[in-house]
Amino acid sequence: MKFEDFRRLSREPRERAIKIKDKIDLLGEESFDKKMQGIAAWQESPINRLYLNLIQEAFQTGKNIETITREREAAGRPTLSWEEFQSIIELNQNLGKI
């Protein structure tokens, strides 16, 4: 999933996460294997990789995520909003509950 696709899902970050979870759950209705493929695809997506990069940057620099996202935005670098970051935390937690 590209950034544009992620942001087109809804104006609200939490709603985006719910839609992704719903799509993965729909795959799970077809088969467990398809659900696992959906989860793997999400985990490899540019959005989730950016989420993980932000966490890594926070650990390396000792800065909090909100500061990092503001700095990245000011520098014109790809980033997530704080609300997007929080919604991805919730999504990843929910996907871990198989």
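Below, the structure is looked at part by part. (Residues numbered from 1 in each chain as written. Predicted model: local features only at pLDDT ≥ 70, side-chain atom pairs only at ≥ 80, totals over all residues. Heavy atoms only, no water.)

**Side note on the pattern of salt bridges**
Part 1: Counted according to the given criterion, the structure contains nine salt bridges.
Part 2: Among the salt bridges present, the one from E84 reaches R7, with a minimum N-O distance of 2.8 Å. Of this pair, E84 sits in helix α6 (residues 82-95) while R7 sits in helix α1 (residues 3-8); the two residues are 77 residues apart in sequence, bridging distant segments of the chain.
Part 3: The exposure class assigned to E84 is buried, which follows from its relative accessible area of 3%.
Part 4: Close ionic contact of E84 with R16 constitutes a salt bridge, the shortest N to O distance being 2.5 Å. Here R16 lies in helix α2 (residues 13-30) and E84 lies in helix α6, a separation of 68 residues in the sequence. (Salt bridge = Lys/Arg side-chain N within 4 Å of Asp/Glu carboxyl O. Helix = DSSP H or I, 4+ residues; strand = E, 2+ residues; numbered from the N terminus. Buried < 20%, exposed > 50% of the residue type's maximum accessible area, 1.4 Å probe, protein only.)

**So, the environment of L50**
Part 1: Within the element layout of this structure, L50 appears in helix α4 (residues 46-61).
Part 2: For L50, a relative accessible area of 6% gives the class buried.
Part 3: Separated by 30 residues in sequence, L50 and L80 have C-alpha atoms that sit 7.7 Å apart.
Part 4: Sequence-distant contacts of L50, that is, excluding residues within four places in its chain, are made with F3, R72, P78, T79 and L80. (Contact = heavy atoms within 4.5 Å.)

**Things to note about the packing of α4 against α6**
Part 1: At their nearest, the axes of α4 and α6 sit 11 Å apart, and the two run at 105 degrees to each other. Taken together, the axes of α4 and α6 lie roughly perpendicular to each other. The residues of α6 that touch α4, namely those facing I47, N48, Y51, L54 and I55, are F85, I88, I89 and N92.
Part 2: A class-by-class count of the residues in the contact of α4 with α6 yields seven nonpolar, two polar and no charged. (Axes fitted to C-alpha atoms, helices over the stretch in contact; angles between N-to-C directions. Parallel < 35°, antiparallel > 145°, perpendicular 65-115°, else oblique. Nonpolar A, V, L, I, M, F, W, Y, C, P; charged D, E, K, R; others polar.)

**As for α6**
Part 1: In this model, α6 (14 residues) spans 20 Å end to end at C-alpha, consistent with the 20 Å of a helix rising 1.5 Å per residue.
Part 2: Here α6 has its buried residues at E84, F85, S87, I88, L91 and L95. Burial along α6 is one-sided: seen end-on, the buried residues are contained in an arc of 165 degrees. (Expected span 1.5 Å × (residues − 1). Arc of directions from axis to C-beta.)

**Considering the packing of aromatic side chains**
Part 1: If you walk through the whole model with that rule in mind, you get two aromatic pairs.
Part 2: Seen from their ring centres, W82 and F85 are 5.8 Å apart, and the 15 degrees between their planes marks the pair as stacked. Residue W82 and its partner F85 are both found in helix α6; the two are separated by three residues, about one turn of the helix.
Part 3: Ring pairs connect the aromatic residues Y51, W82 and F85, which therefore count as one cluster. (Phe/Tyr/Trp six-rings, centres within 6.5 Å; stacked < 30°, edge-to-face > 60°.)

**A closer look at α4**
Part 1: The terminal C-alpha atoms of α4, which comprises 16 residues, lie 22 Å apart, in line with the 22 Å expected from a rise of 1.5 Å per residue.
Part 2: Within the span of α4, buried status applies to I47, N48, L50, Y51, L54, E57 and A58.
Part 3: Where α4 terminates, the next one or two residues include G62, which has phi positive at roughly 80 degrees.

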